[in-house]
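Residue-level structural notes
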Amino acid sequence: MAQGPHQLHDIGTSVADKAVLFDVDGVLVDSYPAYRRIWSRWATQRNLDPDLVWSHTHGRRPVDTIAVVAPQLDAEAEYRLVRDIMADEGDAFPVYPDAAAVLRLLTGRRWGVVTSGRAPTVLHRLLVGGLPNPPVLVDSGHVRLGKPDPEGYLRAARLLHLPASDCLVIEDAPAGIEAARAAGMTVIAVRTTHPDDELAGAHHRVDTLGDTIPLITDWLDRAHP
């Protein structure tokens, strides 16, 4: 497979043999308000309950959400409509204030993102937010099954040439936590989009992305005494 911005670059022999994987929306990018508006607008246009639709969006690919809440509709066609609505939001997708500091921790180490979004959109939002391109990016087009299936996280581990047990995941949604746990990875959940009781499947739970810093540092230190 050809190398690209979402494929593994040459990371050399000096890089630590553990990795940190991030979800994007709700973890690196504060997309909650914009996506709530987008899905509410789509639901209203299709005479669906916006709250019900919203409850099925977190951590899932849009086509999977549409297939669940409106199985009578053409999911791919409806996703194009959702993307048209999304375009109206412009750049209303800021990165979290602590994202740059967290990623600086991983300079010279292996890391990547596993997202239910699409690579061009994700890379644009990271660029606008001043964040680096991830060495590995697994998006919705790289998997047959989206979260909560573990396929995306397992693919990222393979691209990083690591066993799943050597990957730490930062997630915000129950579906993502379930996917990472099913892959056999350690999970830190941030309470940016869900209440604590919905994040019970994670190994650790914190309030903000910045709060993951000591946990990531400790995990890496314990992995490499």
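Residues numbered from 1 in each chain as written. Predicted model: local features only at pLDDT ≥ 70, side-chain atom pairs only at ≥ 80, totals over all residues. Heavy atoms only, no water.

Details of the nonpolar core
Core analysis: the biggest nonpolar cluster contains 49 residues, and Phe 22, Leu 28, Trp 42, Ile 170 and Ile 216 have the highest contact counts within it. Not counting the four nearest positions on each side in its chain, Ile 170 is found in contact with Val 20, Leu 21, Phe 22, Asp 23, Val 27, Ile 188, Val 190, Leu 209, Thr 212 and Ile 216. (Core = buried A, V, L, I, M, F, W, Y, C linked by side-chain atoms within 4.5 Å. Buried < 20%, exposed > 50% of the residue type's maximum accessible area, 1.4 Å probe, protein only. Contact = heavy atoms within 4.5 Å.)

Some points on empty space enclosed by the protein
Under the criterion given, the structure shown has two cavities of 30 Å³ or more. Computed from the structure, the largest cavity encloses a volume of approximately 420 Å³. Along its surface, the largest cavity is lined by 28 residues, and Asp 25, Ser 31, Tyr 35, Thr 57 and Arg 60 are the ones closest to its centre. Counting residues per element, the ones that place at least two in the lining of the largest cavity are α1 (32-45), α3 (62-69), α4 (75-87) and α6 (119-128). In terms of residues, the lining of the largest cavity owes the most to one element, α4, which gives four residues. Of the residues assigned to the lining of the largest cavity, the class counts are 11 nonpolar, 10 polar and seven charged. Space inside the second largest cavity adds up to approximately 90 Å³. What lines the second largest cavity is a set of 16 residues, among which Val 114, Thr 115, Val 143, Lys 147 and Gly 152 lie closest to the centre. Its residues assigned to classes, the lining of the second largest cavity comprises seven nonpolar, five polar and four charged. (1 Å grid on protein atoms, 1.4 Å probe; cavity = no way out; pocket = protein on both sides within 12 Å on 5 of 7 lines; lining within 4 Å. Points joined across faces, edges and corners; volume = space filled by probe spheres on them. Helix = DSSP H or I, 4+ residues; strand = E, 2+ residues; numbered from the N terminus. Nonpolar A, V, L, I, M, F, W, Y, C, P; charged D, E, K, R; others polar.)

Digging into the environment of Glu 178
Locating Glu 178 in the fold gives a position in helix α8 (residues 174-182). Its relative accessible area of 49% is what places Glu 178 among the partly exposed residues. In this structure, the C-alpha to C-alpha distance between Glu 178 and Ala 70, residues 108 residues apart in sequence, is 23 Å.

Remarks on the packing of aromatic side chains
Inspection of every chain in the model, using the stated rule, returns four aromatic pairs. Considering the side-chain rings of Phe 22 and Trp 111, the 6.2 Å spacing of their centres and the 80 degrees angle between planes classify their relative orientation as edge-to-face. Within this pair, whereas Phe 22 is found in strand β1 (residues 19-22), its partner Trp 111 is found in strand β2 (residues 110-114), the two being separated by 89 residues in sequence. A relative accessible area of 0% places Phe 22 in the buried class. Between the aromatic rings of Tyr 32 and Trp 54, the centroid separation amounts to 5.2 Å while the plane-to-plane angle is 90 degrees, which identifies the pairing as edge-to-face. (Phe/Tyr/Trp six-rings, centres within 6.5 Å; stacked < 30°, edge-to-face > 60°.)

Digging into the sheet that holds strand β5 (residues 186-190)
Taken together, six strands build an open sheet; the order of strands is β3-β2-β1-β4-β5-β6 and the sheet is parallel. In this open sheet, the two edge strands, each paired with only one partner strand, are β3 (136-138) and β6 (204-206). The sheet shows a mean angle of 20 degrees between the axes of neighbouring strands, direction not considered. Along the sheet, helix α7 (residues 151-159) contacts β1, β2, β3 and β4 (167-171); its crossing angle with β3, the most-contacted strand, is approximately 155 degrees. Strands in contact with α8 are β4 and β5; relative to β5, the strand with the most contacts, it is inclined by about 170 degrees. (Pairing = 2+ DSSP bridges. Axes fitted to C-alpha atoms, helices over the stretch in contact; angles between N-to-C directions.)

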